[in-house]
Amino acid sequence: MRKFIKNHKKIFLAAIFGIYLLSICYYLFLSEAWGRRDILPEYRYNFVPFTEISRYLENIEAIGLGRVVVNLAGNVLAFVPFGMFVYCFLKKGKLPFLRTATVGLLFTVVIECIQLVTRVGICDVDDILLNFAGVVIGAVLMKLV
C-alpha cells in the first residue's frame, strides 16, 4: 500500500484536494444548516476591512463566544488545508509560497464574488482577510514541514 501511495502521491493528493474543495463549496453555497439555500432578496455585502471582525469582537457577549469562534476562527481554519494542498502542488516551482498566497487570495475573492452575485451568503472583505490568513498559515506549515 505504501508503494502504491508513494507512486501515486500526486493523484492521491489531488483526489483529497478535490474532496476538500467540494466540501468547501457545499458549505459555502449549499448547506441548509448554514442557511445557504436561501437566496436573499437584496445584496448583502461589506467592503470595509475589519468592520465585521470588530463587530464580532466588540459584541462577543451579545453574540456569544461560540458563534464568534465559529465565524472568525472557522474562516481561518477552513482555508489552512487549501494553503497546504496548493503549496504541495507548487513547491517544485519558483516562489511556491508567493504563488500559493496568490492562488489562495484569488480563490477567496472568487468565492466572495460568487456570493455577491448569487446573493447566497454575504460578500464580506473580512472573510477574504480571514480566509487568506488560513491559506498563508497552511503554506507556512507546509514550508516548515
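Here, every reference points to the structure presented above.
First, a word on scope: everything that follows refers to the structure included in this document. Given the structure is predicted, the values throughout are model-derived calculations rather than measurements.

**Some thoughts on the packing of aromatic side chains**
- For the structure shown, the criterion picks out nine aromatic pairs.
- For the pair Y45 and F47, a centre-to-centre distance of 5.0 Å together with 20 degrees between the ring planes defines the contact as stacked. For the residue pair Y45 and F47, the accessibility class agrees, reading exposed in each case.
- Centre to centre, the rings of F79 and F107 are 6.2 Å apart; their planes meet at 55 degrees, and the pair counts as tilted. Note that F79 is positioned in the loop between α5 (65-77) and α6 (80-90) and F107 in helix α7 (residues 96-118), a separation of 28 residues in sequence.
- By relative accessible area, F79 is classed as buried at 3%.
- Linked through ring pairs, F17, Y20, F79, F82, F85, F89 and F107 together constitute an aromatic cluster.

**Structural notes on a positive patch on the surface**
- A cluster of basic residues, K9, K10, K91 and K92, forms a positive patch on the protein surface.
- Looking at the secondary structure, you find K92 in the loop between α6 and α7.

**Quick look at the side chain of T100**
- Structurally, T100 can be placed in helix α7.
- Residues within four places of T100 in sequence aside, it is in contact with G83, V86, Y87, L90, V135 and A139.

**Points about the nonpolar core**
- Residues F17, Y20, F79 and F82 are the most contacted members of the largest nonpolar core, which totals 14 residues.
- With six residues, helix α2 (residues 9-30) is the largest single contributor of residues to this core.
- Counting residues in each nonpolar core, the second largest holds six residues, with I53, V68, V76 and L130 among its members.

**A few points about the state of the cysteines**
- In the structure shown here, the tally under the stated rule is zero disulfides.
- Not part of a disulfide, C113 finds its nearest cysteine sulfur in C123, a span of 6.0 Å.

**Examining the pattern of salt bridges**
- By the definition in use, this model includes one salt bridge.
- The partner of R55 in a salt bridge is E52, with the nearest N and O atoms 2.7 Å apart. With R55 and E52 both in helix α3 (residues 51-58) and three residues apart, this pair spans about one turn of that helix.
- Overall, the relative accessible area of 36% leaves R55 in the partly exposed class.

**Observations regarding the packing of α5 against helix α8 (residues 125-144)**
- One way to put it is that α5 packs onto α8 with a least axis distance of 6 Å and a crossing angle of 45 degrees. Taken together, α5 and α8 sit at an angle that is classed as oblique. Of the residues in α8, those touching α5 at N71, L72, N75 and V76 are D127, L130, N131, A133, G134 and I137.

**Re α5**
- Spanning 13 residues, α5 covers 17 Å between terminal C-alpha atoms, matching the ideal 18 Å at 1.5 Å per step.
- Looking at the packing, one finds that the buried side of α5 touches α3, α4 (60-63), α6 and α8.

Cut-offs applied
- Residues numbered from 1 in each chain as written.
- Predicted model: local features only at pLDDT ≥ 70, side-chain atom pairs only at ≥ 80, totals over all residues.
- Heavy atoms only, no water.
- Phe/Tyr/Trp six-rings, centres within 6.5 Å; stacked < 30°, edge-to-face > 60°.
- Buried < 20%, exposed > 50% of the residue type's maximum accessible area, 1.4 Å probe, protein only.
- Helix = DSSP H or I, 4+ residues; strand = E, 2+ residues; numbered from the N terminus.
- Patch = residues over 30% accessible without salt bridge, like charges linked within 9 Å, V, L, I, M, F, W, Y side chains within 5 Å.
- Areas by Shrake-Rupley, 256 points an atom, 1.4 Å probe, with all protein chains shown as cover.
- Salt bridge = Lys/Arg side-chain N within 4 Å of Asp/Glu carboxyl O.
- Lys, Arg positive; Asp, Glu negative; His and termini not counted.
- Charge placed at Lys NZ, Arg CZ, Asp CG, Glu CD.
- Contact = heavy atoms within 4.5 Å.
- Core = buried A, V, L, I, M, F, W, Y, C linked by side-chain atoms within 4.5 Å.
- Disulfide = S-S within 2.5 Å.
- Axes fitted to C-alpha atoms, helices over the stretch in contact; angles between N-to-C directions.
- Parallel < 35°, antiparallel > 145°, perpendicular 65-115°, else oblique.
- Expected span 1.5 Å × (residues − 1).

Nothing here speaks to function; it is all geometry.
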